[in-house]
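Descriptive analysis of the structure
So the chains spell out like this:
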Amino acid sequence: GCGKTTILRLIGGFETPDSGSIMMGDLDITHVPINQRRVNTVFQSYALFPHMTVFENVAYGLRIKKFTEDEIVRRVQKILRAVHLEHRMHKSIDQLSGGQQQRVALARAIINEPQVLLLDEPLAALDVKMREQMLIELIDLQDSIQTTFVYVTHDQTEALTVADQMAIMNYDGQIEQVGTPQEIYEFPVSSYVAQFVGKANIFKGTLKLDQHLMCEVADIGSFFVHAPHKFLNMSDGAHVLLSIRPEKIWISKEPTPGFSNGVTGQVISIVYHGPATQYKVRLKNGHIVEVFEQNEEHFPKAKIDYDDQVYLYWQKENVVLLEK
């Protein structure tokens, strides 16, 4: 409900903005009619013609534009090879799997060589395995045709997987942060971004500026922090938020040297995920910390169990100060 689909409809020409401009490169397309925009859309429902074959669905746009039959055949065969459907071109739509229908919708959208392809949660109807496969195919397809994809999704994993640039919108329709997937995941600018993209442990702290940059967290103690330049002019005693990703935290039943920061707590939850184990640890002030531990060994020597007292450690470089 934050306006993701509305943005696509504005770019595609289905809606007119109340203010501002829509630029495609140096061209202002704000008031350009739909049929004159080099933009195509792939909808969540695919919107394929059930009474047509795969070939005819893909060829439809070319026929509208009065291409010759030879050119239609050449283009359709080329694009169906790109989406690995050349052997299905004479099948009807209802003979295809969900993933194959998705590829037909993609082929139909890109055969007219749009400058921008809009994708509105295109994988939402697929199961998990098919979605993972289609993500890789989308990346390969975009790389081969070099068309800009504007991809709307509420699935953070999808976004992190396919994006070169990401824009994170909040529930009020405001853009919280724009950057590469790595920038947004590793250096979120707000608690909203930190908790929306992946998972994060958030602490409220008070800056202590002495020989080292530290944050005092109530009832826990002082943490060493590594602050980006924009925080270095903050005054002593300033209130800040700290973010620490669960996978950046080391959990142990024994004291472990070599870390900048450490706290102790009691294990209250353990969830085994296969590649990793998720722990929830209650600190002495009642704060719950989430930890992801990579399962590197078949059976760890010091197995952590419910109610165990454990040590949590992390380096100061993994503490991210958030803008309030």
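1. So, the side chain of Thr153
Tracing the backbone through its elements, the reader meets Thr153 in the loop between β5 (148–152) and α6 (156–162). Of note is the side chain of Thr153, whose polar atom sits 2.9 Å from the backbone nitrogen of Asp155. Within the local environment of Thr153, its side chain forms a polar contact with the side chain of Glu158, the two groups lying 3.3 Å apart.

2. Observations regarding the sheet that holds strand β9 (residues 213–217)
With antiparallel pairing, 5 strands are arranged side by side in an open sheet as β10-β9-β8-β11-β17. Single-partner strands in this sheet number two, and they are β10 (221–224) and β17 (320–322). Between one strand axis and the next, the sheet turns by 45° as a mean value, whatever way the strands run.

3. With respect to the pairing of β9
As defined by bridge partners, strand β8 (residues 201–209) adjoins β9 across 5 bridges and the pair is classed as antiparallel. Note that in β9 the partner of Gly205 across the bridge is Val217. Across 4 bridges, β9 lies against β10 in antiparallel orientation. Within β10, the position partnered with Met214 by the bridge is Phe224. Counting the residues in the hairpin turn of β9 and β10 gives 3 residues, including Asp219, whose phi is positive at 65°.

Analysis parameters
- One numbering rule holds for all chains: residues counted from 1, following each sequence as written.
- The model is predicted, so local features are restricted to residues of pLDDT at least 70 and side-chain atom pairs to those at 80 or more, both for listing and for counting; the totals for chains, interfaces and linings are taken over all residues.
- Excluding hydrogens and water, the side-chain figures rest on all heavy atoms present in the structure.
- Think of it this way: any DSSP run of H or I at least four residues long counts as a helix, any run of E at least two long counts as a strand, and we number them from the N terminus.
- Two N or O atoms form a polar contact when they lie within 3.5 Å of each other; inside protein one atom must be a possible hydrogen donor and the other a possible acceptor, and for residues adjacent in sequence the pair counts only when both atoms belong to side chains.
- By definition, two strands form a pair when at least two bridges between them are found by DSSP.
- Lines fitted to C-alpha atoms define the axes here, with helix axes fitted over just the stretch in contact, and angles between the N-to-C directions of these axes take values from 0 to 180 degrees.

None of this, on its own, says anything about what the molecule does.
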